[in-house]
Amino acid sequence: RMEMNKIKNNKQLLHSVMLKVQNQKNIIRMNILGYSGVDITNKISKIVRVFFKQKSFIILSSQILSSLVHTSPKVIGLWILYRNKYYYSTSYMELNCSNLNECFNEALNLFSSRYNINKKHIVILKSKTLSTKEIKKISILQYKSMSLKLPIFRNMINNKSI
């Protein structure tokens, strides 16, 4: 029956599960990928056996957080103008990101940490979603050829997941 459910619903869903383990005082929140409630229960029982050395647990609540867990990455090219102490400089970079906002944040964080520049001194002049032929950096091109899926847990959940 489980195999039939996987074939019928071929998407993994992100479930947020609150549970209480025997001999533990705290309520534990787990974020788990699974096909259905039965699949999630099997995964939780394995985690409880391995980490807590217990067999019994009580699921207090379960909620589906997202039906679209994985997104395909895009290669985005950015032309950046930044100001050091005494001069302006330009740079070009390519990043693997799921959307444009994530790409902008990643570029700003990378430049501010690498060159010790304040974020207000960085300007993104132009951005473009690149096709495979337009990619210049070999390190980025190797990810474009494979069927890579990026999980987006950090955008959805701020808590720890097991």
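Here the structure is shown first, and the text comes after it.
Residues numbered from 1 in each chain as written. Predicted model: local features only at pLDDT ≥ 70, side-chain atom pairs only at ≥ 80, totals over all residues. Heavy atoms only, no water.

## Observations concerning the pairing of strand β6 (residues 88-97)
Looking along a regular strand, one sees side chains alternate from face to face of the sheet.
Piece 1. Relative to β6, strand β5 (residues 74-83) runs antiparallel, the two being bridged by 10 bridges. The residue of β6 that forms the bridge with Arg83 is Tyr88.
Piece 2. With antiparallel pairing between neighbouring strands as the criterion, β5 and β6 make up a hairpin whose turn holds 4 residues. (Pairing = 2+ DSSP bridges. Helix = DSSP H or I, 4+ residues; strand = E, 2+ residues; numbered from the N terminus.)

## A closer look at the pattern of salt bridges
Think of it this way: side chains of opposite charge can pair up when their charged atoms draw near.
Piece 1. What the rule picks out here adds up to 2 salt bridges.
Piece 2. Between Asp39 and Lys43 there is a salt bridge whose closest N-O contact spans 4.0 Å. Here Asp39 pairs with Lys43, and both are found in helix α2 (residues 37-52), just 4 residues apart, close to one helical turn.
Piece 3. Taking relative accessible area as the criterion, Asp39 reaches 9% and is therefore assigned buried.
Piece 4. We classify Lys43 as partly exposed; its relative accessible area is 28%. (Salt bridge = Lys/Arg side-chain N within 4 Å of Asp/Glu carboxyl O. Buried < 20%, exposed > 50% of the residue type's maximum accessible area, 1.4 Å probe, protein only.)

## A closer look at the environment of Thr90
Piece 1. Within the secondary structure layout, Thr90 lies in strand β6.
Piece 2. Note: C-alpha distance between Thr90 and Ile124 (34 residues apart in sequence) is 9.7 Å.
Piece 3. Ignoring any residue separated from it by four or fewer positions in sequence, one finds Thr90 in contact with Ile80, Leu81 and Tyr82. (Contact = heavy atoms within 4.5 Å.)

## Brief notes about the side chain of Gln54
Piece 1. You can see Gln54 is positioned in the loop between α2 and β3 (57-66).
Piece 2. On the basis of relative accessibility, which here comes to 18%, the residue Gln54 falls in the buried class.
Piece 3. Once residues lying within four places of it in the same chain are set aside, the contact partners of Gln54 are Val21, Gln22, Asn23, Val48 and Arg49.

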